[in-house]
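Coordinates in review
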Amino acid sequence: MADHVAIIGNGVAGFGAARRLRREAPDLTISLFSDEAHPFYLRSRLKDYLAGDIGHYEMILESRNLYRREGLNLFLQTPVAALDVAHRELVLAAGDRVRYDHLLLAMGCRPSGLPIPGAAAAGVFGLRTLDDAEAIRRWMAGRRRAVVLGESMVSLHLAEGLARLGVEVDHLLMGEHFWPEVLTPDASNLVAEIMQRQNIRIRRRVTVEEILKRNGSVCAVRLSGGDVIDCDMVGHGCSFRPCTDLLRDTPVTCDGGVLVNDRLQTAVAGVFAAGDCASFGPDDPATAFYSRRQDAFVQGETAAANILGRNERLTGLARHVRTDLFGLAVAALGQSNASDEDPAVTTVASGHGTTYRRLVFKNDILVGAILAGDVEHAAILGRHIRRGGSRDQLEAGLMAALAEDRPRLEHALHAPCPICTDTVTVPAGTLIGSRFVCRSCSAKLRLIYADGRPAVAPQDDV
């Protein structure tokens, strides 16, 4: 068994691996190295922080006390500059060397620079970290207009956070639809309709020719057709790439990301990789770098098991993305946007108001699904996809439940928690009667109708 496990990265994969290592090996020395200044937090909540709806306390899920309590050595603002795999050492940016017995690479990914003239101007931002969100909030204080580029989920979250902050947003797409790797055109159009209700202006099939600046700062963007859009900021979630720079001149193989097998092992003995920086080869859908929190967690735990010599394979892992976009809950599972032009593929789709559902079958086996509005059945559909559930099995019960038309929220509800008074957001499409937990105080709540209006109430009061 390893004596010292070093983990580069403190995101979902790295943190999940550290927790499993500690559970199963109480005497193991575990060290996590992070470029960031903050303990573990969820990137999916960056838009809420950007919007000003939550602060640091709500963002940071696990404080330093948890690391101390579980005996995890956390080194914040401690970037690793290089690896010396021959001697099993990390070379820190400060010049120190740290020896390890096993190493987990969990660096995640980062936005690439925009290949647009003027992209170095002050006021151009990507959104990946809490520091990014803080920098955007500081920059937009006293400013009012932003342009957001890109079709990705990160771009959508950035546009939502800015709009909720009170910023006027123009969202520019090179293509026709949002998040095309995951969503169908119909689901994308539903998201676009909700965005436009929040006064976000959408332009499709446009190319930014140049980011214009005044006194070194962004002042506008010029499009290829000659149109100019005035703005104080340009934000993007375009072109993420895995953080693999420190692997240059090492025998660790990279192919899009860090190449691993189904045990998360790299080509170098004792070195593992998990999360957004890992790749299973050129055909791996992870090379598109979706935000896949659940996948990253499972990968981190699997890597931890194999560091401990468990010989555990990563099996049954299907792409599973669950988020909310502008108050609309969205879940995309497996081959969610597979084309029904494939003769082996059949789809079942329906939509009503803010509710949209699409099931994808290949040779009558469920391989993907999209749920928008009501995502109540996402978990069970995910299990069917992993197990190769047949259409006959689903038609025996689940498809009838999906077809039910029960009362739901037509628009997202923002209401005070009846316990702690912090704002609770309930996505559009949520069933009346649904139960959930307040993120701030963990109170058990329920969505009800009161005086003819949707409201949030404690579960015991209904």
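Quick note: structure is the one above.
Starting afresh in each chain, residues are numbered from 1 along the sequence in its written order. Totals for whole chains, interfaces and linings use all residues, but because this is a predicted model, local features are given only for residues with pLDDT of at least 70 and pairs of side-chain atoms are given and counted only at 80 or more. As a rule here, side-chain values come from all non-hydrogen atoms in the structure, and water together with hydrogens is ignored.

1. A word on the overall build of the protein chain
As a reminder of what qualifies: Under the DSSP-based scheme used, a helix requires at least four consecutive residues in state H or I and a strand at least two consecutive residues in state E, with every element numbered from the N terminus. Two things to know: the radius of gyration comes from C-alpha atoms, and the globule rule equals 2.2 Å times the number of residues to the power 0.38. Note on exposure labels: buried denotes an accessible area under 20% of the residue type's maximum, exposed denotes more than 50%, and partly exposed covers the range between, all computed with a 1.4 Å probe on protein chains only. The contact criterion used throughout is that any non-hydrogen atoms of two residues lie within 4.5 Å. Here the Shrake-Rupley method, with its probe set to 1.4 Å, supplies the accessible areas, and only the displayed protein chains count as covering residues. Under this rule, positive means Lys or Arg and negative means Asp or Glu; His and the chain ends count for nothing. Charge positions come from single atoms, namely NZ of Lys, CZ of Arg, CG of Asp or CD of Glu.
Helices and strands together make up the secondary structure of the protein chain, namely 11 helices and 31 strands. Taking 23 Å as the expected radius of gyration for a compact globule of 462 residues, we find that the protein chain reaches 23 Å, a close match to that expectation. Summarising its shape, the C-alpha atoms of the protein chain cover approximately 65 × 65 × 55 Å along the three principal directions. The proportion of buried residues among the 462 residues of the protein chain is 55%. Sequence separation of at least 24 residues holds for 58% of the intrachain contacts in the protein chain that already meet a minimum separation of 6. Working note: accessible area of the protein chain is about 20600 Å², and carbon and sulfur atoms make up 45% of it. Positive and negative side-chain charges of the protein chain, numbering 52 and 56 respectively, have mean locations separated by a distance of 2 Å.

2. Section: the pairing of strand β10 (residues 145–149)
Note on strand geometry: in a regular strand, side chains alternate between the two faces of the sheet. Counted only if it meets this: A pair of strands is labelled paired if DSSP reports no fewer than 2 bridges between them. Think of it like this: strands point away, you trace from the first strand over the helix to the second, and a clockwise trace means the crossover is right-handed.
In terms of burial, β10 is largely enclosed, as 5 of its 5 residues are buried. Residue alternation in β10 divides its side chains into two sets, R145, V147 and L149 and A146 and V148, and both sets are buried. When β10 meets strand β11 (residues 168–172), the two strands line up parallel, connected through 5 bridges. Counterpart to V147 in the pairing with β11 is D170. Traced from β10 through helix α6 (residues 153–164) to β11, the parallel crossover comes out right-handed. Note that β10 and strand β16 (residues 233–236) share 4 bridges and pair parallel. Pairing of A146 across the sheet is with M233, part of β16.

3. Description of the pattern of salt bridges
The criterion, for reference: By salt bridge we mean one thing: a side-chain nitrogen of Lys or Arg within 4 Å of a carboxyl oxygen of Asp or Glu.
Applying the stated criterion across every chain yields a total of 32 salt bridges. Residues participating in the shared-partner salt-bridge network are R45, K47, D48, D53, E160, R164 and D324.

4. With respect to the packing of aromatic side chains
Using the following cut-off: In this analysis, rings of Phe, Tyr and Trp, with Trp reduced to its six-membered ring, are considered paired at centre separations within 6.5 Å, and the interplanar angle assigns stacked below 30 degrees, edge-to-face beyond 60, and tilted for intermediate values. By definition here, charges over rings are those cases where NZ of Lys or CZ of Arg is within 6 Å of the ring centre and within 35 degrees of the ring normal.
By the definition in use, this model includes 4 aromatic pairs. Ring centres of F33 and F75 lie 4.9 Å apart, and the angle between their planes is 10°; this geometry places the pair in the stacked category. Remark: F75 occurs in strand β3 (residues 72–75) and F33 occurs in strand β2 (residues 29–33); sequence separation between them is 42 residues. Under the relative-accessibility criterion, F75 is labelled partly exposed at 35%. Site record: aromatic cluster; members linked through ring pairs are F15, F40 and Y67. Taking NZ or CZ as reference, R137 lies 4.8 Å from the ring centre of Y49, over its face. The ring centre of W139 lies 3.8 Å from the NZ or CZ of R143, which sits over that ring.

5. Regarding unusual backbone geometry
Unlike most non-glycine residues, N311 shows phi in positive territory, near 55°. Turning to its location among the elements, N311 is positioned in the loop between α8 (293–307) and β22 (320–325). Given a relative accessible area of 53%, N311 falls into the exposed group. Its identity as a non-glycine residue notwithstanding, F326 has a phi of 55°, on the positive side. Considering the arrangement of structural elements, one finds F326 in the loop between β22 and β23 (328–334).

6. Considerations on helix α9 (residues 378–387)
Side chains three or four residues apart in an α-helix point the same way, a direct result of the helix having 3.6 residues per turn. The cut-off we apply is this: For this quantity, the arc is that covered by the directions from the helix axis to the C-beta atoms.
For α9, the full list of buried residues reads A378, L381, G382, H384 and I385. Looking straight down α9, one finds that the buried residues subtend no more than 160° of arc, so they occupy a single side. The first or second residue beyond α9 is G388, which carries a positive phi of 75°.

7. Some details on the environment of Y449
The residue Y449 is located in strand β30 (residues 444–450) in this model. Judged by relative accessible area, Y449 falls into the partly exposed class, the value being 47%. In sequence terms Y449 and Q77 are 372 residues apart; their C-alpha atoms lie 48 Å from each other. Here Y449 is in contact with I432 and P454, once residues within four sequence places are set aside.

8. Remarks on the sheet that holds strand β19 (residues 257–259)
Spatially, 3 strands are ordered β18-β19-β21 in an open sheet, and the strand pairing comes out mixed. The open sheet has two edge strands, β18 (254–255) and β21 (278–279), and neither has a second partner. The pairing of β19 with β21 spans 2 bridges and is parallel. Following the sheet pairing, V258 is matched in β21 by A278.

9. Examining the nonpolar core
Which entries qualify depends on this criterion: By nonpolar core we mean a set of buried residues, namely Ala, Val, Leu, Ile, Met, Phe, Trp, Tyr and Cys, connected to one another through side-chain atoms within 4.5 Å.
Within the largest apolar cluster, 54 residues are counted, with the highest numbers of intra-cluster contacts made by L83, L90 and L105. A total of 6 residues in this core trace back to one element, the largest contributor, which is helix α1 (residues 12–24). Not counting residues within four places of it along the chain, the set of residues in contact with L83 comprises I8, E89, L90, L103, L105, L246, L247 and T250. In this structure, V154, A159, I202 and I370 belong to the second largest nonpolar core, which totals 51 residues.

10. Digging into the environment of A332
Structurally, A332 can be placed in strand β23. For the pair formed by A332 and D48, sequence separation is 284 residues and the distance between their alpha carbons is 21 Å.

11. With respect to the pairing of strand β13 (residues 208–214)
Note that β13 and strand β14 (residues 217–223) share 6 bridges and pair antiparallel. Among the inter-strand pairings, E210 is bridged to a residue of β14, identified as R222.

12. As for helix α7 (residues 185–197)
Using the following cut-off: Multiply 1.5 Å by the residue count of a helix minus one, and that product is the helix's expected span.
A rise of 1.5 Å per residue sets the reference length of α7, with its 13 residues, at 18 Å; its end C-alpha atoms lie 18 Å apart and thus fit the reference within 8%. Among all positions in α7, only A187, S188, L190, V191, A192, I194 and M195 are buried. Trailing α7 by a residue or two, N199 shows a phi angle of about 65°, which is positive.

The values reported here are purely geometric and, on their own, carry no functional implication.
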